[in-house]
Structures are given as C-alpha cells and as structure tokens.
Amino acid sequence: NQNGEPHKARKRRKKKPSDRGEAKTGVRIIQLNCQGLVPRGTELTKLVHEKQAHVVLLCETRCNGRKVPITGYHDYYCDCWNENIGCHGMAVYVKSNSLVCKVNEFIWWNGNHLVDIEVHAGGEQFTVRGVYSPPPVALDVGLRGKVNLHHTVIAGDFNSRTRLLGYPKGNPSGKALEEILDGTNLSMLQSCETPTTHIHSGGTHTRPDVTLVSSDLKHRSVMRVLDSVGSDHLPILTEIGTVVPTKTVPISHWKFGTANWPKFTRKCDTQIAATAWRDKTLYEKVRWYTKALLRASDKSIKRVKTSCFRPLWSKRLKRAIKKRTAARNRYLLRPTQKTKLDWYRSNANCRYVAAIDAKRKWRATCAGLNKDSSNRTLWAKVRKLRSAGVEPHHPLTTAAGQVGTPSNIAKELNRQYAEVNMRPTPIPGDDQIRDQATANRIRVPPMADDMESPFSLDQLKAVIDATQKGKAAGPDGIHIEMVKHVSDFGLSVLTEIMNESWITGDDPPEWKKAIIRPIPKSGKPRSSAKGYRPISLLSVLGKLLDSLVQKRLAFHLEREGKLSEFQTGFRAGRQCPDPVVRLCQDVADAMCSDPPRHVGAVFFDLQQAYDRVWRDGLRVKLRQKGVGGRMYRWLDNFLEERQISTRFAGEVSSYLPLEEGLPQGSPLSCVLFVVFIDDSVDGLLKLKILVALYVDDLGVWVI
C-alpha cells in the first residue's frame with residue numbers, strides 16, 4: 001500500500017443463494033397419513049408453507065367430497081372415497097406457478113392406492129409415487145417387473161411390518177417390502193433407528209410410513225420426521241438434492257388509484273424541459289421519453305407489492321399446540337390411560353382453537369362488506385379469498401423429448417410461435433409479386449394532403465381518451481394511465497416524435513417488440529403449445545401511433561370505396577349481426593317461396609389468420625387500394641423487423657424475429673388484414689354464390 005506495508009489478503013465472500021425463483025436443484029416432499037384432512041387443515045397449511053414443500057402426499061383424508069384448499073398449491077383428490085374398499089381418501093398438493101409437473105390419475109393396483117407425479121426441477125425429472133396400502137392387503141407399489149429405476153421416489157403409508165423397521169414380527173406387506181429392496185435398486189430411508197411416526201392406541205409406536213428412493217438419489221436424499229399436526233402419524237419431509245431455502249418475492253405493480261397525478265404531471269414536464277431532446281436521433285428520443293415517464297412515475301406513483309400469503313396462525317393456537325406436544329411426549333414416556341386422555345383432550349382443544357380462529361378471521365374479512373359496497377370492492381375481496389392455487393405448469397412435449405424447466409419452456413414456446421410466422425415455401429407467381437412489392441418501395445406516388453399531413457395534438461389526445469384503462473404494459477413498462485395524465489406540453493413532444501417517425505417512414509424498434517404471455521386454454525392439454533393462447537403485449541406509445549395511422553387508413557379505404565360491401569368487420573356503421581340478418585332473411589325467403597327451396601351454407605374460420613399474412617402480398621394489395629406516399633412507406637417499415645419474446649412462469653426468452661404475419665395486439669393489424677382478405681370472395685361472386693365476411697370469418701351459401 002501507500003505506507004509500504006504488504007497488502008492484506010481479502011476474504012472472499014461466499015455467494016448467498018438468490019431469493020428469486022426456485023432452487024437450482026432439489027425437491028421437497030411431505031408425506032402424511034392425516035387421519036382426517038379437514039380438522040388438520042390449518043396446521044397442515046402452516047407446515048407446508050413453512051417447509052416450502054413442492055409435493056405433499058396425503059392418505060386417509062376422509063374428506064367425503066369436502067376439500068381443504070392451500071394457497072399457492074393445486075390440489076388433486078381421488079374420487080373413489082369408500083370405506084368398503086379401504087380407500088379412506090387420498091390427496092396430492094403440488095406447488096403452483098414455479099413448478100413444472102404433471103399429476104396422473106389415481107389408480108387401484110392389487111388393492112393398493114397409487115398416484116404418480118412427474119416433477120421437473122433444476123433441469124432434472126423426478127417420478128414421485130404416492131402409495132397407500134390398507135392393512136389387510138399385501139403391499140404392491142406397482143413396479144410391474146421393473147428392476148432399475150431412475151430418479152424415482154415412492155412414499156406413503158405401507159403398513160409394512162418387518163424387522164428392518166424394528167417390528168418384532170412381520171406381515172405380508174413387510175415381506176413384500178423386503179422383496180422390493182432385494183430385487184430392485186430402491187433403497188429405504190427409514191430404519192429401526194429412525195424416529196417412529198405412529199402411536200397406536202395401546203401406547204406402542206411404530207414406523208408404517210416409508211420412503212423409497214432409487215440408487216441414484218440415495219446419496220442426495222435426506223429424511224426428517226416433523227412435529228405432529230394432530231394426527232396419530234407424524235409427517236415426514238424428504239429432501240432430494242440440495243434444496244436452497246427460497247424467499248417468495250412479491251410482484252410489484254403501480255397503484256394508480258392513490259397516485260399523485262399533479263405531481264406526476266409536474267415531474268414529467270421537468271424531465272422533458274431539462275433535456276435538449278431535439279438533437280437526439282429518433283431511437284434516442286423514444287428511449288429518453290420512456291425513461292422520463294418512468295422516472296416521474298417512480299416519484300409520484302406508489303408501487304404496491306402483492307402481499308405474500310400468511311397462514312392463519314395465532315398465539316392462542318401456538319400455545320395449544322405446545323401443550324399438545326408436551327402431552328404427547330408424556331404419553332410416549334408413560335402410556336397410561338390418564339396420559340392418553342390428556343393427549344386426546346389437548347388434540348381436541350387444538351382443533352377447537354383452530355376452528356374459532358377461522359371463524360374470527362372470516363368475520364373480520366366480511367366486516368367491511370355491506371349493501372353499499374361497490375362491485376369492485378366485493379370482487380377484490382373474492383379474489384383474495386380464492387385460496388386454491390392454479391394448476392402447475394406441465395412439461396412441454398416436443399419432437400426432441402420433454403422440456404421441463406420454465407426457462408426452456410419459454411424458449412421452446414417462443415421458437416414455435418416464431419416458426420408460425422416463417423416464410424412459406426414459394427410457389428409459382430410469388431417471385432413476380434415479390435418483385436412488384438420491391439418496385440413499389442422505389443416508386444410511391446403521394447396521396448391526398450389530408451393523408452400526408454403530420455398528426456396534430458388534438459388527434460393524439462382523442463386517441464388517448466378513447467383508449468381504455470387497465471391494460472397491461474408492453475416491454476417498456478409504460479401504462480396508458482401514465483400517458484393520460486401527461487400535460488399538453490409533454491404530449492406535444494410525443495406528437496413531434498411520432499411525426500418524425502411518420503415523415504421519415506421509420507417505426508422505432510422499441511415499438512416493434514412484443515412480449516408473449518401464454519394463457520392456458522380451457523380443456524386443452526398443457527403439454528403442447530396448442531394448449532396455450534398467446535397474448536401479445538406491445539408498447540402503449542407504439543400502439544397510440546398505430547391507432548393514428550389506422551384511423552387515416554380506414555378513412556381512406558371508406559372514402560374511396562376500396563373495400564368489399566360484404567366485409568362487416570372493423571368498419572364504421574357495420575357490425576357482426578349484419579351478415580347474420582342477411583342469412584336469416586335468405587333462409588326465411590327460401591322457406592316461404594312456392595315451392596320451398598333449400599339453403600346450403602358453409603362456414604370457414606381461418607386458423608392463425610393474422611400470423612400467416614404474406615407481407616409482400618399485403619404490400620401489393622395496399623398499392624392496389626391507392627395507399628402511397630408517407631403512409632405506404634411507414635406501413636412498409638411497420639411490417640419489417642418485428643420481434644417477440646415469451647414470458648413463462650417468470651422466465652423470459654430471448655427475442656426472435658417474425659418473418660411474416662401481422663403483429664398481434666396492434667390496432668392497425670385488423671384493418672391491414674381486412675385489406676389482405678378483401679378480394680378473396682371475388683371468385684365466389686362471379687359464380688353467384690352469396691358471401692359474408694367478418695374479418696377472418698367467412699360464410700357462403702346458395703339458394
């Protein structure tokens with residue numbers, strides 16, 4: 001150092017595990033014979049959230065149709081609850097959102113109740129099998145002759161009596177368990193030295209709950225017996241791999257209802273006036289304007305984090321559970337009738353306290369609701385009360401195999417969505433149209449003055465006022481609520497930026513990017529990309545410019561009479577019932593004619609219509625409709641260099657280009673598709689076939 005002394009070696013700090021998302025490797029499994037799920041729902045919910053379990057295997061639920069929802073977990077119940085066949089009920093809870101898994105159907109196998117769960121975590125696939133073997137039945141875990149198993153966990157109440165578990169005598173299930181251990185590569189995590197998990201009415205305590213793991217997981221598995229939740233059986237936690245404790249990161253969002261909008265307006269004006277923005281390029285202006293709005297929002301609008309779920313828990317219940325634990329320990333040391341009754345009474349007291357706390361919580365929740373409460377307040381309360389988690393993500397099946405991690409699923413979905421917009425194999429005649437589209441870029445005659453003039457501030461304000469609130473933001477994070485509260489000075493700057501884009505025919509790249517949010521379709525398998533509906537989120541600022549151009553283009557097409565009279569979609573003064581009325585009238589006229597005539601109709605719905613629009617063909621049709629000048633140059637650039645990125649379970653893929661098609665979510669895409677499909681019925685009209693068009697829906701009929 002400067003004093004001539006040797007430098008001291010710096011200690012390297014150990015990297016702390018990230019609090020975001022799930023652990024890189026590892027799975028937590030809780031198994032329990034709950035002997036009645038409903039009275040133990042409160043304690044089980046607390047335990048599951050405290051241990052951050054991924055999969056919960058329950059047997060002897062005895063729900064009889066009733067369900068116990070656990071927030072953040074999706075539940076699966078068997079539908080064969082029947083005392084006569086020895087089911088007593090079986091249930092599986094799987095962590096939602098962050099976990100990719102698939103739960104198969106509950107089955108009966110030689111008198112044993114089985115359920116399989118495919119879990120994908122940390123780039124690995126695990127098979128978790130829940131088993132409940134009733135006491136009169138010999139154990140059979142359904143291996144079907146398999147000897148070498150990979151990444152497999154079999155857990156449940158086996159009711160197996162064997163010397164390996166400390167029983168003095170065996171039974172058929174114990175013998176079957178020994179055969180499984182001798183004939184397969186499965187290993188048992190329990191032994192005669194591990195803590196017991198079940199207390200019998202006579203005071204003896206045994207180990208009927210067993211966990212088997214395949215040999216490749218043996219060195220990575222840790223089994224722990226947890227504290228009681230009120231059942232005669234103790235829950236067992238099995239950790240496979242290195243499981244890093246994770247912290248749920250709340251999702252933050254803008255709270256526009258309590259925003260200080262006057263302060264937001266002043267901050268926007270200050271941010272805009274303090275910068276020499278006119279010297280910047282168009283791309284720099286767009287980035288600068290976006291940052292100015294976000295900075296003003298940070299100082300005037302609160303960000304509210306979604307509150308993390310806290311299980312119902314009170315000091316009174318905690319004291320009751322502490323007394324129950326002490327009573328249970330006394331019964332284990334001295335199994336007398338008195339200590340047994342004390343344990344039963346303390347257990348019943350815990351259930352009573354939990355029920356009283358639940359009633360008090362419900363009364364407190366409903367206290368603020370009355371006949372004067374608004375629908376918005378009511379439904380906000382209902383959404384908070386929805387405690388059941390959404391169904392977990394399923395692994396995606398591709399030609400190369402299964403994709404399990406959320407990041408890889410996001411990447412695969414994005415690739416498949418981009419493939420839909422790839423250029424098709426050219427057919428004869430395509431080259432001529434493509435050459436014509438290229439020539440149109442060079443020779444573009446101007447349009448009328450009202451089509452070429454820059455946009456005014458009043459036009460932009462009219463578009464902003466017509467845009468609905470509550471829409472999701474695009475990749476830039478700007479919401480329409482922010483733009484609605486920008487002053488006229490700030491909007492005039494935005495108008496100049498949009499006019500520069502309009503005059504130069506250059507649509508900024510930031511406004512061409514889209515985030516795809518796959519929404520599961522009802523009744524469709526989630527193992528395929530077809531089971532999701534892609535929702536495209538574009539920049540709000542870019543969509544405002546698209547709306548301005550859309551209004552001009554629609555006005556030009558209507559004024560010049562360039563659209564077919566049979567097209568009723570997205571046109572002023574026309575609506576969906578128009579073609580329905582025409583068809584009904586033709587049918588009625590045919591039935592009332594003498595003699596009555598038949599009407600034959602065929603209806604078409606184009607699959608992925610917007611994604612398969614041929615851009616060069618659209619350019620040629622735009623020129624045929626009289627579109628030229630600045631509008632044609634801007635639309636030509638608008639169609640190029642579109643990019644998409646898919647967000648799935650918090651993971652975002654990289655951007656991929658779209659070679660063909662129209663951008664989903666843009667106000668301009670509807671009018672452009674109407675232009676593209678407008679001449680598709682010309683050949684049918686020559687054959688005197690009656691037609692009706694509503695955007696991409698086509699109906700034809702003959703009388």
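That block above? That's the structure.
What counts and how
Residues numbered from 1 in each chain as written. Predicted model: local features only at pLDDT ≥ 70, side-chain atom pairs only at ≥ 80, totals over all residues. Heavy atoms only, no water. Pairing = 2+ DSSP bridges. Helix = DSSP H or I, 4+ residues; strand = E, 2+ residues; numbered from the N terminus. Axes fitted to C-alpha atoms, helices over the stretch in contact; angles between N-to-C directions. Contact = heavy atoms within 4.5 Å. Phe/Tyr/Trp six-rings, centres within 6.5 Å; stacked < 30°, edge-to-face > 60°. Lys NZ or Arg CZ within 6 Å of the ring centre and 35° of its normal. Core = buried A, V, L, I, M, F, W, Y, C linked by side-chain atoms within 4.5 Å. Buried < 20%, exposed > 50% of the residue type's maximum accessible area, 1.4 Å probe, protein only. Patch = residues over 30% accessible without salt bridge, like charges linked within 9 Å, V, L, I, M, F, W, Y side chains within 5 Å. Areas by Shrake-Rupley, 256 points an atom, 1.4 Å probe, with all protein chains shown as cover. Salt bridge = Lys/Arg side-chain N within 4 Å of Asp/Glu carboxyl O. Lys, Arg positive; Asp, Glu negative; His and termini not counted. Charge placed at Lys NZ, Arg CZ, Asp CG, Glu CD.

Draft legend 1. Spatial organisation of the sheet that holds strand β22 (residues 600–605). Taken together, the three strands give an open sheet; going across it, the order is β22-β27-β26, and neighbouring strands pair in antiparallel fashion. Whereas interior strands pair on both sides, the edge strands pair on one side only; in this sheet they are β22 and β26 (690–694). Here the strands of the sheet are splayed against their neighbours by 15° on average, with no regard to which way each runs. Here six bridges tie β22 to strand β27 (residues 697–702), and the two strands are oriented antiparallel to one another. Counterpart to V602 in the pairing with β27 is V700.

Draft legend 2. Looking closely at the sheet that holds strand β15 (residues 236–240). Spatially, the six strands line up as an open sheet ordered β3-β4-β2-β1-β15-β14, and their pairing is mixed. At either margin of the open sheet sits one strand with a lone partner, and together these are β3 (73–77) and β14 (221–225). Averaged over all pairs of adjacent strands, the angle between strand axes in this sheet comes to 15°, irrespective of strand direction. Judged from the five bridges that link them, strand β1 (residues 27–33) and strand β2 (residues 55–59) form a sheet pairing that is parallel. Bridging across to β2, L32 finds its partner in L58. Contacting β1, β2, β3, β14 and β15, helix α1 (residues 41–51) runs over the sheet at an angle of about 160° to β1.

Draft legend 3. Up close: the packing of aromatic side chains. Within this structure, the stated rule accounts for eleven aromatic pairs. Between W261 and F264, the aromatic rings sit 5.4 Å apart at their centres with planes inclined by 90°, giving edge-to-face as the arrangement. Pair noted here: W261 and F264 are both in helix α4 (residues 261–273), with a separation of three residues, about one helical turn. A cation over an aromatic ring shows up here: R303 above the ring of W254, its NZ or CZ 4.0 Å from the ring centre. Its guanidinium or amino end placed over the ring of F638, R642 lies 4.8 Å from that ring's centre, counting from NZ or CZ.

Draft legend 4. Expanded view of the nonpolar core. Within the largest apolar cluster, 74 residues are counted, with the highest numbers of intra-cluster contacts made by Y289, L635 and L672. With nine residues, helix α19 (residues 667–677) is the single largest residue contributor to this core. Apart from residues lying up to four places away in sequence, Y289 is in contact with I272, V486, G490, L491, V493, L494, I497 and L541. Counting 30 residues, the second-largest nonpolar core is a separate cluster that includes F106, A121, V213 and L217.

Draft legend 5. Quick look at a positive patch on the surface. There is a patch of like positive charges on the surface, built from K315, R316, K318, R319, K322, K323, K359, R360 and R363. Elements with a contribution of two residues or more to the positive patch: α6 (315–333) and α7 (337–366). Element by element, the count of residues in the positive patch is highest for α6, at six residues. Mapped onto the secondary structure, K315 falls in helix α6.

Draft legend 6. Expanded view of the side chain of D616. Within the element layout of this structure, D616 appears in helix α17 (residues 615–624). For D616, a relative accessible area of 11% translates into the label buried. Beyond its immediate chain neighbours, meaning those up to four positions away, D616 contacts I433, R434, A437 and R441.

Draft legend 7. Region of interest: the pattern of salt bridges. Within this structure, the stated rule accounts for 25 salt bridges. In this structure, the salt-bridge partner of R129 is D116, at a minimum N-O distance of 2.6 Å. Residue R129 is located in strand β8 (residues 124–132), and its partner D116 is located in strand β7 (residues 112–121); the two are separated by 13 residues in the primary sequence. Taking relative accessible area as the criterion, R129 reaches 14% and is therefore assigned buried. With a shortest N-O distance of 3.3 Å, R224 and E239 are connected by a salt bridge. Here R224, found in strand β14, pairs with E239, found in strand β15; they are 15 residues apart in sequence, far enough to count as distant. Given the relative accessible area of 37%, R224 is considered partly exposed. One connected set of salt bridges, linked through shared partners, spans D616, R619, D636 and E640.

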